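So the chains spell out like this:
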Amino acid sequence: MVDNCLAAVDAANKGRLNDDQLAEIVAEMQARRDRAATNLDALDRHLFNEAEQLAADAMRAAKLHKRSTMINVIREAELLQLAARADGATDDPSLGLEAAMVGINTPFEGSRASVDAKAMGIIRMDLGNLLSELRQAGVAAKFRSKMYEREIAQELWDLSLPEPTGRATDSKDAKTIAAIVHKYRRRAIERENRAGAAIRYRSGYVTRQTHDIGRMRRQGFEAWRDEIGPRMDWDTMEIPRDERAKFLRSAYRAMVTGVRLNIGETDETGMVFAFKGPGNLAKKESASRVLLFRSADDWYEYNQKFGRADLNEGILADIQNSARATALMDTFGTNPRAMFDRVRDKLQAQHGDETGKVDRLKHGRLDRQFAEIDGTVNISALPSAAAWGRGIRAWQSMSKLGGALLSALGTDQFLVAAERRAQGRGIALALADSVRAPIKGIMALTGEERRAAAEMLGAGIDGAMGDAVSRFSAQDDAPGRMSKLLGLFFKYNGLGPWSDAQKRGVGLMMANDLARYSGQGWDGLPATTREMLSTYGITADRWELVRGATFADEDGRRYLVPDLVPEGADRAGRRARDDAVAALAAYYSDRTNRAIAEPNARTRAIQRRGLQPGTAQGEAIRFFMQFKTFPISVILNTLGGITYGRGAKSLYAAFIRGEADMQALALFIAGSTTAGFLSMQLKEIAKGREPREITEKNIGEIITASALQGGALGIYGDFLFGEANRFGSSPIETLAGPFAGAGSDAITILQQLRATTFRGEQPDVAADTIRFVQSNTPFLNVFYAKAAMDYLIIYQLQEMANPGYLRRMEKRMRRQNDQEFFLPPSRAIPRGGGDRVFEGVR
């Protein structure tokens, strides 16, 4: 029988496999024989057929290895060329690697064509088109609803079969949703394969499986095993009965501890990314084996009990993961980390006599940036600790950012103006665009074609993706239900809709600009536009590919849309199309992000320092950096673009020799300071207080606070404005982050309690406790409801808890801030409180 297997292998091989590969195939066949049934005749036929398949797989693996080698040679050459361009433009080759990973501000070809920008561009383009098709088909609400999850899962499972039945359910809407999702998932896989992967779309698949680690821990291994064990497709997984318990124990331990053994070449979906030889193709026994379910119902039932994400979230995550993998391989080849190390080593050897350049190539910032783009910074060292940390930060966001929209109003307009100025608009036109952007973004929702254009651009879909919070905190996913609460909070505090409107407006302006130039060849483009496009890798050849992809709205206004670029006629044409579309999508995504100072991977690398969640250092840095994302983004992107966007090599060259855009800098400083002052006054009005008057005594303080507020350092502007903390926290405590500030406040209250109990002192402990609870309770600080909440509930409770508290608070505010309430609380609420709210009004 083994001889028959060898004959099959030899016949298929014809000298194309080496001895090691042949030996591995034979060993695999013997292992399968030992695990199989005792019917020798049937076994002989079965193994003979599998031997042919294994040999074919081995030859395919050899071809893929050759293909991967060619891809990696090309990627290496491209990275070395990028480093050479960076060295010429900045005297620093390390900035070439930085440009490839996260982008830099100095303009040269490819300086912003980063993995991060391309990934976000593809994600927004794909998800925008997906959501647009679902909306136009009238099934968007059902896609988001849990009521239809089972039917959609069954239809997706059916579509993944080699021969779909079309009879999985009787639901027309579920079929429509599944067909649209299937289309975009297949497109993502094909694009990923062209970038260097070798994914086999497996039969019987719904979406990427997630696992609720907290629930698994609480219910324990036995409950999890009893739930998942009967639902596994053990035959397809090729795990013998006597090894299944060991496999499940290993899988459970890996998931709940976050410590995984080498997962080889497969991800959680069971999709194979590359092949090293027939052993991997034959799914050798290992701890990396994926969990395959018997049916869509088995997948659904398990997901209800131990899954972490709803079906729609899993589908969106699937497409996002594919986009990130595509962008990473498109820049760093099929083994990204190895390529990164290899290119860095070559650059160090090339610049061995230049100590400064070598030191910068060795700098840890490059490793931190790579950890951001390959996702290793997101791997939890201790999942339970990481989950608690994410939950607390989400809670603080919902407790502290009720007035975030008031910070964004005005400030965002000068960020938009700075961005439009960078895109070649004059000062007056840039300011006009900043006013038009949110109006245009809101109006886009009133026209079917305009809305479709914005969705195809991926502009303003972040609300649907739940990313509004990323403007203010170090980005790491909040756990399941908390993530939904965050999305709801930023919808109702206004920041989510406002940010989406700004992005839609700016995105449509940019697409309209390029559409107006679509009749021009590369040399006919304005110099500023040509230079900016080249930083995203859009050169003459790619411009010719994309410039005809225009789309007109109801008013006849045209937009250049990436997804409308025609498909290539052959493999080379499809690959060229992928590159051009990804570059254009990256341009739109990255520039709209800069227009509202949304963070990118470069920002997050500075914040998270490459430290993993769940570790003491990783959690500490995440708490410290909470709410600092926005200011860092303004400094790196807006001010960095103004400083280095015209090619300045240093701060000296930028400001002393005048190579920075000094007009844009003056506009931003003056405009953002004015906007910061207006933002602070709006916050005062929202609290029921009169606006602060500017006097000779406080003018310096107010200007400084306004500049900080307008530069996105809102909490520090509030501190200088006299509103930092009722409990007297120091600037250092405020700087440490909201959680540290809340902890300091809690300690202050405990000290007050001690003073009351043991020394007979009478501090405002009860009233301060009420204020502490209010300031740390989600949704209570939403700006348009805060004053009503204060007068109807909070002030009542504080006065009841400590009679005379409100008068003392008013005197303190008058003394410290020279400020009054529109309606003093002590006039609205009688001393000692009561159930007649306005009894004391005279």
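Residues numbered from 1 in each chain as written. Predicted model: local features only at pLDDT ≥ 70, side-chain atom pairs only at ≥ 80, totals over all residues. Heavy atoms only, no water.

Across its full length, the chain holds 41 helices and two strands. A burial count over the chain gives 55% of its 842 residues as buried. When contacts within the chain are restricted to residue pairs at least 6 apart in sequence, long-range pairs at least 24 apart make up 72% of them. By element, 55% of the accessible surface of the chain is carried by carbon and sulfur atoms, the whole surface being about 36500 Å². (Helix = DSSP H or I, 4+ residues; strand = E, 2+ residues; numbered from the N terminus. Buried < 20%, exposed > 50% of the residue type's maximum accessible area, 1.4 Å probe, protein only. Contact = heavy atoms within 4.5 Å. Areas by Shrake-Rupley, 256 points an atom, 1.4 Å probe, with all protein chains shown as cover.)

Glancing now at the nonpolar core. Formed by 51 residues in total, the largest nonpolar core has its most connected members in Leu130, Leu134, Val206, Met216, Trp224 and Ile228. In terms of residues, this core owes the most to one element, helix H5 (residues 115-136), which gives seven residues. Excluding anything up to four places from it in sequence, Trp224 contacts Met216, Leu248, Ala251, Tyr252, Met255, Leu291, Tyr302 and Phe306. Counting 41 residues, the second largest nonpolar core, distinct from the first, contains Leu525, Tyr536, Val581 and Tyr588. (Core = buried A, V, L, I, M, F, W, Y, C linked by side-chain atoms within 4.5 Å.)

This part is about a nonpolar patch on the surface. Together, Leu485, Leu488, Tyr492, Phe779 and Tyr784 line one region of the surface with nonpolar side chains, adding up to about 470 Å² of accessible area. Top element by residues in the nonpolar patch is helix H24 (residues 480-492). It accounts for three residues. If you trace the backbone, Tyr492 turns up in helix H24. The partly exposed category is assigned to Tyr492, whose relative accessible area is 43%. (Patch = residues over 30% accessible without salt bridge, like charges linked within 9 Å, V, L, I, M, F, W, Y side chains within 5 Å. Salt bridge = Lys/Arg side-chain N within 4 Å of Asp/Glu carboxyl O.)

A few words now on the confidence of the model for the chain. Predicted confidence across the chain gives a mean pLDDT of 80, with 82% of residues reaching 70 or more. By mean pLDDT, helix H12 (residues 278-281) is the weakest element of the chain at 32, and helix H4 (residues 94-101) is the strongest at 96. A low-confidence stretch, residues 35-39 (pLDDT under 50), is modelled with six contacts involving residues beyond four sequence positions or located in other chains. The model gives residues 467-475 a pLDDT under 50, and that stretch makes 41 contacts with residues more than four places away or in other chains. (pLDDT = per-residue confidence, 0-100.)

What follows deals with helix H20 (residues 411-422). Think of an α-helix as 3.6 residues a turn; residues three or four steps apart then line up on the same face. If you check H20, its first and last C-alpha atoms are 17 Å apart, about what 12 residues at 1.5 Å a residue would give, namely 16 Å. Counting buried positions along H20 gives 11 out of 12 residues, so the element sits mostly inside the fold. What H20 keeps buried is the set Thr411, Asp412, Gln413, Phe414, Leu415, Val416, Ala417, Ala418, Glu419, Arg420 and Arg421. Looking one or two residues past H20, Gly424 carries a phi angle of roughly 110°, positive in sign. (Expected span 1.5 Å × (residues − 1).)

This next bit is on the environment of Glu163. Secondary-structure assignment places Glu163 in the loop between helix H7 (149-159) and helix H8 (172-195). Since its relative accessible area comes to 68%, Glu163 is described here as exposed.

One non-glycine residue, Ala597, lies in positive phi territory at about 55°. Position of Ala597 among the secondary structure elements: in the loop between helix H28 (571-595) and helix H29 (601-608). Look at Ala597 and you get buried, because its relative accessible area is 0%.

According to the stated counting rule, one finds 16 aromatic pairs in the structure shown. Both rings, one in Trp224 and one in Tyr252, keep their centres 5.5 Å apart while their planes meet at 45°; by these two values the pair is tilted. Of this pair, Trp224 sits in helix H9 (residues 213-228) while Tyr252 sits in helix H11 (residues 244-257), placing them 28 residues apart in sequence. For Tyr252, a relative accessible area of 10% puts it in the buried group. Measuring from ring centre to ring centre gives 5.3 Å for Phe489 and Phe779, while their planes differ by 90°; the resulting arrangement is edge-to-face. With Phe489 in helix H24 and Phe779 in the loop between helix H38 (765-775) and helix H39 (783-801), the pair connects residues that are 290 residues apart, well separated along the chain. When its relative accessible area of 0% is taken as the criterion, Phe489 is described as buried. Clustering of aromatic rings is evident, with ring pairs tying together Phe221, Trp224 and Tyr252. (Phe/Tyr/Trp six-rings, centres within 6.5 Å; stacked < 30°, edge-to-face > 60°.)

It is the contact of H5 with H8, at a shortest axis distance of 10 Å, that shows an interaxial angle of 160°. The pairing of H5 with H8 is recorded here as roughly antiparallel in orientation. With respect to the hand of their crossing, H5 and H8 are arranged in right-handed fashion. Across the interface between the two elements, Ile122, Met125, Asp126, Asn129, Leu130, Glu133 and Leu134 of H5 pack against Ile177, Ile180, Val181, Lys183, Tyr184, Arg187 and Arg191 of H8. By residue class, the composition of the contact of H5 with H8 is eight nonpolar, one polar and five charged. (Axes fitted to C-alpha atoms, helices over the stretch in contact; angles between N-to-C directions. Parallel < 35°, antiparallel > 145°, perpendicular 65-115°, else oblique. Left-handed = near helix turned anticlockwise from the far one by under 90°. Nonpolar A, V, L, I, M, F, W, Y, C, P; charged D, E, K, R; others polar.)

The next subject is the pattern of salt bridges. Under the defined criterion, the tally for this structure stands at 62 salt bridges. The shortest N-O distance in the salt bridge between Glu133 and Lys183 comes to 2.6 Å. Of this pair, Glu133 sits in helix H5 while Lys183 sits in helix H8; the two residues are 50 residues apart in sequence, bridging distant segments of the chain. As a salt-bridge pair, Arg575 and Asp579 come within 3.4 Å of each other at their nearest N and O atoms. Of this pair, Arg575 and Asp579 are both found in helix H28, four residues apart, which corresponds to roughly one turn of the helix. The same class applies to Arg575 as to Asp579, namely buried. If you follow the salt bridges from partner to partner, you end up with Arg75, Glu78, Lys118, Asp330, Arg542, Arg575 and Asp579 in one network.

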